[in-house]
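The primary structure of each chain is shown beneath.
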Amino acid sequence: MINRRTFLGTTAALAGTLAAPAVLGQARPRAVVIGGGAGGATAARYIANDSDGMIDVTLIEPTRHYYTCFFSNLYLGGFRTIESLGHSYGTLAADYGINVVHDWATGIDRDARTVALAGGGSVPYDRLIVSPGIDFKEGAVPGWSTAAQNAMPHAYKAGSQTELLRAQLENMREGGTFAMVAPPNPYRCPPGPYERVSMVAHYLSQNNPTARILILDPKESFSKQALFEDGWARHYPGMIERIGPDFGGGNVEVRPESMEVVVDGQVEAVDVCNVIPAMQAGSILQDAALTESDWATVMPATMQSVMDENIHVLGDSARQGAMPKSGFAANSQAKVAAMAVRHALTDSRLFPARFSNTCWSLITTDDGIKVGATYQAGEDRIEAVDTFVSQLGESDEVRAETYRESLGWYDSITSDMFG
Amino acid sequence: MVRRVLLPILATLAGAPVALAQEGDAERGAVLFRQCNSCHVAEPDGPSRTGPNLYGVLGRTAGALEGVRYSPAIREAGEGGLIWTVETLDGFLQDPRGYIPGSRMSFRGLPDLQDRMDVIAYLTGDAPVVHSSELGRLSPEIFTIEGDVEYGEYLSSECVACHSASGSDEGIPVITGLEPEAFILALHDYRDGHREHQVMTTVTARLTDEEIASLAAYFAELEE
Ligand SMILES: Cc1cc2nc3c(=O)[nH]c(=O)nc-3n(C[C@H](O)[C@H](O)[C@H](O)COP(=O)(O)OP(=O)(O)OC[C@H]3O[C@@H](n4cnc5c(N)ncnc54)[C@H](O)[C@@H]3O)c2cc1C
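It is worth spelling out the domain arrangement of chain A at this point. All names here are of chain A. Domain boundaries assigned for chain A yield domain 1 (4-135 + 279-350) and domain 2 (141-275). Using only C-alpha atoms to locate each centre, domain 1 and domain 2 end up separated by 32 Å. Opposite the 20 residues of domain 1 that make contact, domain 2 presents 21 residues. Buried surface at the junction of domain 1 and domain 2, both sides included, amounts to about 1,900 Å², of which 65% is carbon and sulfur. The largest per-residue losses of area from domain 1 upon contact with domain 2 belong to N73, L76 and M279, which jointly make up 35% of the total buried on that side. Summed over the shared surface of domain 1 and domain 2, the result is two salt bridges.

Between chain B and chain A, the contact holds 28 residues from the first and 40 residues from the second. Summed over both sides, the interface between chain B and chain A buries roughly 2,700 Å², with carbon and sulfur atoms accounting for 53% of that surface. The largest contributions to the chain B side of the interface with chain A come from Y154(B), Q198(B) and R206(B), which together make up 26% of the buried area. Across the contact surface, chain B and chain A share three salt bridges. On the surface where chain B and chain A come into contact, there are twelve residue pairs in polar contact (both at pLDDT 80 or more). Among the elements of the structure, α7 (149-159), α9 (198-205) and α10 (209-223) of chain B are those that each provide at least two residues to the side of chain B that touches chain A. In terms of residue count, the dominant contributor to the side of chain B that touches chain A is α7(B) (seven residues). In the side of chain B that touches chain A, the residues fall into 13 nonpolar, seven polar and eight charged.

Here the focus is the environment of E292(A). Residue and element names in this part refer to chain A. Looking at the secondary structure, you find E292 in the loop between α8 (283-287) and β19 (296-297). Considered as a pair, E292 and R319 are 27 residues apart in the sequence and their alpha carbons are 9.4 Å apart. In this structure the side chain of E292 is engaged in a polar contact, spanning 2.6 Å, whose partner is the side chain of T297.

So, on to the packing of aromatic side chains. All names here are of chain A. Using the criterion set out here, one finds 22 aromatic pairs over all chains in the structure. Relative to Y410, the ring of F71 lies with its centre 4.6 Å away and its plane at 15 degrees, an arrangement referred to as stacked. With F71 in the loop between β3 (65-67) and α3 (72-76) and Y410 in helix α10 (residues 396-418), this residue pair connects regions lying 339 residues apart in the sequence. Assessed through its relative accessible area of 7%, F71 is described here as buried.

All names here are of chain B. Residues at a pLDDT of 70 or more form 87% of chain B, whose mean pLDDT is 83. This stretch, residues 10-21, has a pLDDT under 50; its non-local contacts, to residues over four places away or in other chains, come to 15 contacts. The ipTM value of the predicted complex is 0.89, and its pTM value is 0.83.

Residues and elements named next belong to chain A. In the region of the ligand, 34 residues are neighbours, and E61, Y66, S131, R188 and D316 sit closest. Contacts to the ligand include S131, whose side-chain N or O atom sits 2.7 Å from an oxygen atom. Between the ligand and D316 there is a distance of 2.7 Å, counted from an oxygen atom to a side-chain nitrogen or oxygen. Here the ligand has 1,000 Å² of accessible area as a free molecule, and 93% of this is covered by the chains. Secondary-structure elements contributing two or more residues to the shell around the ligand are α2 (38-50), α3 and α9 (327-346).

About the thresholds
Residues numbered from 1 in each chain as written. Chains lettered and ligands numbered in written order. Predicted model: local features only at pLDDT ≥ 70, side-chain atom pairs only at ≥ 80, totals over all residues. Heavy atoms only, no water. Domains from an automatic or database assignment. Contact = heavy atoms within 4.5 Å. Buried area = accessible area lost by both parts, 1.4 Å probe. Salt bridge = Lys/Arg side-chain N within 4 Å of Asp/Glu carboxyl O. Polar contact = N/O pair within 3.5 Å; in protein donor to acceptor, adjacent residues only side chain to side chain. Helix = DSSP H or I, 4+ residues; strand = E, 2+ residues; numbered from the N terminus. Nonpolar A, V, L, I, M, F, W, Y, C, P; charged D, E, K, R; others polar. Phe/Tyr/Trp six-rings, centres within 6.5 Å; stacked < 30°, edge-to-face > 60°. Buried < 20%, exposed > 50% of the residue type's maximum accessible area, 1.4 Å probe, protein only. pLDDT = per-residue confidence, 0-100. Near = heavy atom within 4 Å. Areas by Shrake-Rupley, 256 points an atom, 1.4 Å probe, with all protein chains shown as cover.

Here it is as structure tokens:
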């Protein structure tokens, strides 16, 4: 069998030669990927690696360092450094021969099959993969807009926002209130807000034990709710209060200038306010008319847009059916899409779509929980096959083991994305 | 490496099979293994000398390692379904030529049970312990299904989201480098409920025997 290392070395060398326009055979089909996150980076790497250099792969991503949202809550809780969440695109370019373009895609011309770049120029494609994550819906939380994101951070795209929220947490006055405005469904990472509450509570219980946490939630219930609430009662008794829709959690206005929240007409002063607004597909998809009511609907066997068969949409932006919007899911969908793109462009074998997902969350030191499922392509949506979730009352050993698993997963998925 | 492995073997006492748990001491086994060193090494990627490299022998079909000059007797035993497990190795080490008549291995054997368990613990290393009784749960044909390597490669993309391809076993075990038989056994065990793990039970639930064989074939190729 081909040794992967040697093989990859060859691809890189080959790509180097082909980059010279004179040698570039126009015959090489072009796959272009917008967004170098969980979906996009994985798709680019799998297409480049598995096509033996037969497909020309371009990855368009504005940032030079991708900070994973996954484990960013652990950074808030003091379990990770921010540096440990950052990943660069160097290996994808050097070892996989992927043409990494650090720029914003500003438009998709679906007829001409080109992607326009903010820096000028355009990139032609035979197949396009779009995995731009999420954008927030302006006006979803009255009083909040992206202009207010420094006063009231979302920290739902990782990086400087996450660092800002951590700094605000550290500087919070003794006995102060940390408020979270939780998002309505569907949103990226269903357990994410509640893992965040756990991590904030962990930090506060050590550094500011009289502080309290107020969750304003428009949802009746949330992911792994029984497990989180059990954990909060055990580890952070009395610290966390959640106001659901019955008590006005869905009727919230924020006032960033005065650091107030208005819940069902009642004004309350808060010290830190984490606003996670309602979400929609990345704006590039909205602009290219690939969305219907906020999300881009895809065909489950290939992740192709129902509006344009030359375009595959992955991850958070896709409306695919039963999978949650998670990094694990985006990575899983990327592999199916990569296979479908290779099949379309080089006639490689097509296998039945298989997806899976596991979302780990940390409640406190060595108390990890998880939820997950396997999925398959149904008629017009992705369907769950089998599911599992951590149980109440598991032993400390099982919980510690679950947390250790998540560490292994983090290392594996990030090398699966970035090589 | 300080590793003590509990090796439950089936011993026949007074005619009745009795489960006997015997602890193997890998460190002592390493010292005992010096008697074997003139013909065998037991190292990852180590060479085969007169006899095969014994690294990861548990779970391997007898006479199946590439590039080794086996006696016809050992090869035939393998073709007949002999897989090295705690129990079969125990039997072989006790009396090599009695266990496989025609074996070229000129070693008188280790009469002492504790010595044998220590050597087996040493050979097991960090790999999962494989028992005959477990293999016996699967019909021998399971191990002979020919896997589709390309399909296995596609299916493996689900595995590597969690199992590091680069060999770090922090939190989640490494699955590259397992003998195909051990790999096949492990997946069947999860699927059939002989081993418990929420993720693995769910992931294997939908795998067919052919898909398991394809995965095993792919991971085996990856190693070479
Ligand atoms: C706090 C938090 C915790 C989480 N924890 C977990 C977890 O434990 N496990 C898990 O599986 N998931 C977790 N997630 C969810 C996970 O981060 C997302 O589901 C995942 O990143 C989605 O992948 P994606 O490819 O759709 O988008 P992203 O990973 O966000 O990638 C999108 C990329 O596209 C780029 N982009 C956007 N627009 C353009 C454009 N116009 N041109 C070029 N590039 C563009 C962006 O810069 C970005 O790099 C968490 C999320 C949060 C917020």
